[in-house]
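Spelled out from the first residue to the last, the chains are:
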Amino acid sequence: MRIAVLTGAGISAESGLDTFRATDGLWERHRIEDVATPQAFARDPALVHAFYNARRARAAAAQPNPAHHALVDLARRHDLTLITQNVDDLHERASQPDVIHMHGRLSRALCADCGHRWNAPAVMSADDACPRCTAHAARPGIVWFGEMPYHMERIWDALERADLFAAIGTSGNVYPAAGFAQHAGRAGAECIELNLEDSANARDFDRRIQGPASVTVPEWVA
Ligand code: BV8
């Protein structure tokens, strides 16, 4: 069976990482508009680097939970396309074979001048120079609001081929990810959502499994 899975901050919540909603839209005490847009970075690169340095440190200290491990098991038995909105590396550290990070990764850096990408150091600063063009324009390799998510062609293709689409731990507030269930459903997939509560796009799903991901995902995969 061809399965497409989208994960959000809720799958990492039980590894101790904050979700966007749990902190009432505040991450590390900042409004997302103040730290997760290109304008924010142009305005105050030091603030944005501090925000992502804190999240990079928390992600490094976190461990994958049973939900991450269950998806590795699912990939062994089915044709699975794993798409994540998360920027942590918990899927990889659970040995997930092929993770599509549509919103980028904390572990990557990007040159705002020449577009070069490299592995981010644990702590980044606005003074870091790009290894290729030497400009002091190093930014986190993250997709901010107003920027095009990565790998969209591959994602649309997987959604259109899927027999089953599952959204795990995402509030359905951020597009284009919030439109994936509708896109897959229109192409004939059964759509289910695994969440603590109904998401903003709950109407796009055929059924839902409520509960914490570290309980519901292993049960669903079994
Ligand atoms: C773009 C990186 C276009 C940053 C992030 C309509 C169509 C297209 C775009 C738009 C549109 N309307 C508005 C837009 C613009 C915008 C958008 O969607 N805005 C929203 C606020 C309305 N979208 C964009 O800007 C996107 N880009 O559209 O580009 C374009 C076209 C051409 C050319 C150029 C551009 C880019 C959006 C990406 C932004 N970057 N992340 C960072 O992480 O620092 S978004 C960020 O927030 C996350 O990646 C994630 O996507 C989102 C948070 O969402 P969730 O993961 O769902 O987390 P949340 O906390 O909200 O919810 C947690 C859920 O888990 C809850 O449901 C909770 O119940 C559940 N949960 C909690 N604990 C558990 C649990 N579930 C199970 N078990 C538990 N234990």
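Here the structure is a predicted model, which is why all the values come from computation and not from measurement.

A. A look at the sheet that holds strand 6 (residues 104-111). Taken together, three strands build an open sheet; the order of strands is 7-6-8 and the sheet is antiparallel. At either margin of the open sheet sits one strand with a lone partner, and together these are strand 7 (117-119) and strand 8 (138-142). Ignoring strand direction, the axes of neighbouring strands in this sheet form an average angle of 45 degrees. Against the sheet, helix 4 (residues 45-61) engages strand 6 and strand 8, with an angle of about 50 degrees to strand 8.

B. Fine view of the site of the ligand. In the neighbourhood of the ligand, 34 residues make up the surrounding shell, with Glu14, Arg55, Gly146, Ser171 and Tyr175 lying closest. Between the ligand and the protein, one listed contact pairs an oxygen atom with a backbone N or O atom of tyrosine 175 at 2.7 Å. Here an oxygen atom of the ligand sits 3.4 Å away from a polar atom, N or O, in the side chain of glutamate 197. Bound to the protein, the ligand loses 75% of the 1500 Å² it would expose on its own. When residues of the shell around the ligand are traced back to their parent elements, those giving at least two are helix 1 (9-13) and helix 4. Among the elements that make up the shell around the ligand, the one with the highest residue count is helix 1 (three residues). Class assignment of the residues belonging to the shell around the ligand gives a composition of 17 nonpolar, twelve polar and five charged. The two domains that each donate at least three residues to the shell around the ligand are domain 1 (1-16 + 64-103 + 149-222) and domain 2 (18-61 + 104-142).

C. Seen up close, the packing of aromatic side chains. For the coordinates displayed, the defined rule picks out five aromatic pairs. Seen from their ring centres, phenylalanine 41 and tryptophan 144 are 5.6 Å apart, and the 35 degrees between their planes marks the pair as tilted. Here phenylalanine 41 is found in helix 3 (residues 38-43), whereas its partner tryptophan 144 is found in the loop between strand 8 and helix 7 (152-161), with 103 residues between them in sequence. Judged by relative accessible area, which is 12%, phenylalanine 41 ranks as buried. Taking the centre distance of 4.7 Å and the plane angle of 75 degrees together, the rings of phenylalanine 51 and tyrosine 52 count as edge-to-face.

D. Layout of the pairing of strand 1 (residues 2-7). Buried residues dominate strand 1, accounting for five of its six residues. Where strand 1 meets strand 4 (residues 79-84), six bridges bridge the pair, whose relative direction is parallel. Directly across from valine 5, in strand 4, lies its bridge partner leucine 82. When strand 1 meets strand 9 (residues 164-168), the two strands line up parallel, connected through five bridges. Bridge pairing links threonine 7 to isoleucine 168 in strand 9.

E. Summary view of the domain arrangement of the protein chain. Each assigned domain of the protein chain is listed with its residue range as follows: domain 1 (1-16 + 64-103 + 149-222) and domain 2 (18-61 + 104-142). Listed per partner, the contact involves 16 residues of domain 1 and 14 residues of domain 2. The junction of domain 1 with domain 2 conceals about 1100 Å² of combined surface from both sides, 50% of it contributed by carbon and sulfur atoms. Applying the counting rule to domain 1 against domain 2 returns four residue pairs in polar contact (both at pLDDT 80 or more). Counting only elements with at least two residues in the side of domain 1 that touches domain 2, the list comes to helix 1 and helix 6 (90-93). With three residues, the single largest contributor to the side of domain 1 that touches domain 2 is helix 1. Across the side of domain 1 that touches domain 2, the residue classes tally to five nonpolar, seven polar and four charged.

F. Spatial organisation of the environment of aspartate 34. Take aspartate 34: it is sitting in helix 2 (residues 32-35). For the pair aspartate 34 and glutamate 153, spaced 119 residues apart in the sequence, the C-alpha separation amounts to 29 Å. What aspartate 34 contacts, discounting residues up to four positions off in sequence, is Ala40, Arg43, Leu47 and Val48.

G. Spotlight on the nonpolar core. Formed by 19 residues in total, the largest nonpolar core has its most connected members in Val5, Leu71, Leu74, Ile168, Leu194, Val217 and Trp220. For this core, the secondary-structure elements that each account for two or more residues are strand 1, helix 5 (66-77), strand 4, strand 9, strand 10 (190-195) and helix 9 (213-221). Excluding residues that lie within four positions of it along the chain, tryptophan 220 makes contacts with Val5, Leu71, Leu74, Leu164, Ala166, Ile168, Ile192, Leu194, Arg207 and Ile209. Counting residues in each nonpolar core, the second largest holds 18 residues, with Met152, Leu159, Ala162 and Phe165 among its members.

The rules behind these values
Residues numbered from 1 in each chain as written. Predicted model: local features only at pLDDT ≥ 70, side-chain atom pairs only at ≥ 80, totals over all residues. Heavy atoms only, no water. Pairing = 2+ DSSP bridges. Helix = DSSP H or I, 4+ residues; strand = E, 2+ residues; numbered from the N terminus. Axes fitted to C-alpha atoms, helices over the stretch in contact; angles between N-to-C directions. Contact = heavy atoms within 4.5 Å. Near = heavy atom within 4 Å. Polar contact = N/O pair within 3.5 Å; in protein donor to acceptor, adjacent residues only side chain to side chain. Areas by Shrake-Rupley, 256 points an atom, 1.4 Å probe, with all protein chains shown as cover. Nonpolar A, V, L, I, M, F, W, Y, C, P; charged D, E, K, R; others polar. Domains from an automatic or database assignment. Phe/Tyr/Trp six-rings, centres within 6.5 Å; stacked < 30°, edge-to-face > 60°. Buried < 20%, exposed > 50% of the residue type's maximum accessible area, 1.4 Å probe, protein only. Buried area = accessible area lost by both parts, 1.4 Å probe. Core = buried A, V, L, I, M, F, W, Y, C linked by side-chain atoms within 4.5 Å.

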